[in-house]
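# Examination of the molecular architecture
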Amino acid sequence: MIVKYGGNAMKNPQLRRTVARELAELRTDTELVVVHGGGPFIERELDLRGLKSEFIRGLRVTTPEAMQVVEMALGKVNKELSRDIGQAVGLMGHDCQLIVAEALGGELGRVGRVVGINADLLRTLLGVQLTPVVGCVGLDRQGEALNINADTVAGAVAGALGQGVIFLTDVEGVYRAFPDPASLAPELSRQDAEEGIEAGWISGGMVPKVRAALDALERGATFATIASGMQAGVVRRAAAGQSGTRVVP
Ligand SMILES: Nc1ncnc2c1ncn2[C@@H]1O[C@H](COP(=O)(O)OP(=O)(O)O)[C@@H](O)[C@H]1O
Ligand SMILES: CC(=O)N[C@@H](CCC(=O)OP(=O)(O)O)C(=O)O
């Protein structure tokens, strides 16, 4: 299965080690690909350089200068996560054309969408019991880096491999009346998702996540679940449909 990890659920170092331990345990009996973001780390490195972040529809406007910072910040997250999971190989779009991307254009600058995933590379690593850990930078046809939302990359990887995907985040799933946890939706259909985005009860970072889940299902993923990365033991429960919000076509 594919596990996407990022955002606020990654900020606390102790929690990060707990999640890494859980992923290390999971990989012993499950073919696992980890896709990660690292928005808070990117933000910090940009801040240190006096570079401001602006978001359009949940995507970070990325100048060529900011792109270099994104690559550096995500590279560090990638290697630390690989180290903590163990028997893992840290990769980004640069490696063996893992993530081929295309610029979205307009004001977003160096922001891309996925046009190809080197699924053979991932299968080869899985075939020798290694866990690919994938950072969300793609390369365009000219070999230049593009910043891609990590949920989008996870959805594309799940589709390319035809496996299930779990998006770990800082909430338990999709709430129908955010932030009331009693309103957690165990299941969310495409129609619900579109209504929620339109009506605004699905907003901010939850929009690309829900869209990535739907996109993954469309591309052939076997399931797509949004669940909490803030509690131990969630990944296996989410995979079994016992935790989080399962997005259905
Ligand atoms: N209906 C909703 N249910 C749950 N969270 C929501 C909802 N609408 C918006 N959100 C927001 O989406 C956030 C998760 O997205 P994001 O911050 O991008 O996560 P990550 O960084 O883990 O990818 C939640 O923390 C919450 O603030
Ligand atoms: C284009 C775009 O917005 N890219 C994201 C990539 C990192 C990411 O998605 O990280 P999280 O999963 O931690 O949010 C960004 O620059 O923040």
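This section reports on the structure supplied with the text. Note that the structure is a prediction, hence the values are computed from the model and not measured.

## Description of the site of ligand 1
- For ligand 1, the set of nearby residues contains 17 residues, the closest of which are Thr169, Asp170, Tyr175, Trp201 and Lys209.
- Contact distances for ligand 1 include 2.7 Å between a nitrogen atom and a backbone N or O atom of tryptophan 201.
- A distance of 2.5 Å separates an oxygen atom of ligand 1 from a polar side-chain atom of lysine 209.
- Relative to its free-state accessible area of 570 Å², ligand 1 is covered by the protein chains to the extent of 82%.
- For the shell around ligand 1, the per-class residue count stands at seven nonpolar, six polar and four charged.

## Comments concerning the packing of aromatic side chains
- Enumeration over the complete set of coordinates arrives at one aromatic pair.
- Seen in terms of ring centroids, tyrosine 175 and phenylalanine 178 are 6.1 Å apart; in terms of plane orientation they differ by 15°. Their pairing is stacked.
- Lying across the ring of phenylalanine 223, arginine 246 places its NZ or CZ 4.6 Å from the centre.

## As for the nonpolar core
- Core analysis: the largest hydrophobic core is formed by 59 residues, its most contacted members being Ile2, Val153, Val157 and Val210.
- When residues in this core are grouped by element, the largest group, eight residues, is from helix α7 (residues 206–219).
- Those residues in contact with valine 210, other than ones at most four positions away along the chain, are Val174, Leu188, Ala193, Ile202 and Ile226.

## Section: the packing of helix α1 (residues 13–26) against helix α3 (residues 64–85)
- Here α1 crosses α3 at 55°, and the two axes come no closer than 8 Å. One way to sum up the angle between α1 and α3 is to call them oblique. Here α1 runs over α3; the crossing is right-handed. Where α1 abuts α3, its residues Arg16, Arg17, Ala20, Leu23 and Ala24 lie against Glu80, Asp84 and Ile85.
- Considering only residue class, the contact of α1 with α3 consists of four nonpolar, no polar and four charged.

## Description of the side chain of threonine 131
- Relative to the assigned elements, threonine 131 resides in strand β8 (residues 131–135).
- Residue class for threonine 131 comes out buried when judged on its relative accessible area of 2%.

## Regarding the pattern of salt bridges
- Throughout the structure, instances matching the rule amount to 16 salt bridges.
- Among the ionic pairs, glutamate 80 bridges to arginine 16, the shortest N-O distance being 3.6 Å. Of this pair, glutamate 80 sits in helix α3 while arginine 16 sits in helix α1; the two residues are 64 residues apart in sequence, bridging distant segments of the chain.
- Residue classification places glutamate 80 among the partly exposed positions, given a relative accessible area of 23%.
- Residue arginine 16 is classed as buried on the basis of its relative accessible area, which comes to 19%.
- Ionic contacts of the salt-bridge type, sharing partners, join the residues Lys4, Asp151 and Lys209 into one network.

The rules we used
Residues numbered from 1 in each chain as written. Chains lettered and ligands numbered in written order. Predicted model: local features only at pLDDT ≥ 70, side-chain atom pairs only at ≥ 80, totals over all residues. Heavy atoms only, no water. Near = heavy atom within 4 Å. Polar contact = N/O pair within 3.5 Å; in protein donor to acceptor, adjacent residues only side chain to side chain. Areas by Shrake-Rupley, 256 points an atom, 1.4 Å probe, with all protein chains shown as cover. Nonpolar A, V, L, I, M, F, W, Y, C, P; charged D, E, K, R; others polar. Phe/Tyr/Trp six-rings, centres within 6.5 Å; stacked < 30°, edge-to-face > 60°. Lys NZ or Arg CZ within 6 Å of the ring centre and 35° of its normal. Core = buried A, V, L, I, M, F, W, Y, C linked by side-chain atoms within 4.5 Å. Buried < 20%, exposed > 50% of the residue type's maximum accessible area, 1.4 Å probe, protein only. Helix = DSSP H or I, 4+ residues; strand = E, 2+ residues; numbered from the N terminus. Contact = heavy atoms within 4.5 Å. Axes fitted to C-alpha atoms, helices over the stretch in contact; angles between N-to-C directions. Parallel < 35°, antiparallel > 145°, perpendicular 65-115°, else oblique. Left-handed = near helix turned anticlockwise from the far one by under 90°. Salt bridge = Lys/Arg side-chain N within 4 Å of Asp/Glu carboxyl O.

That is the geometry; function is a separate question.
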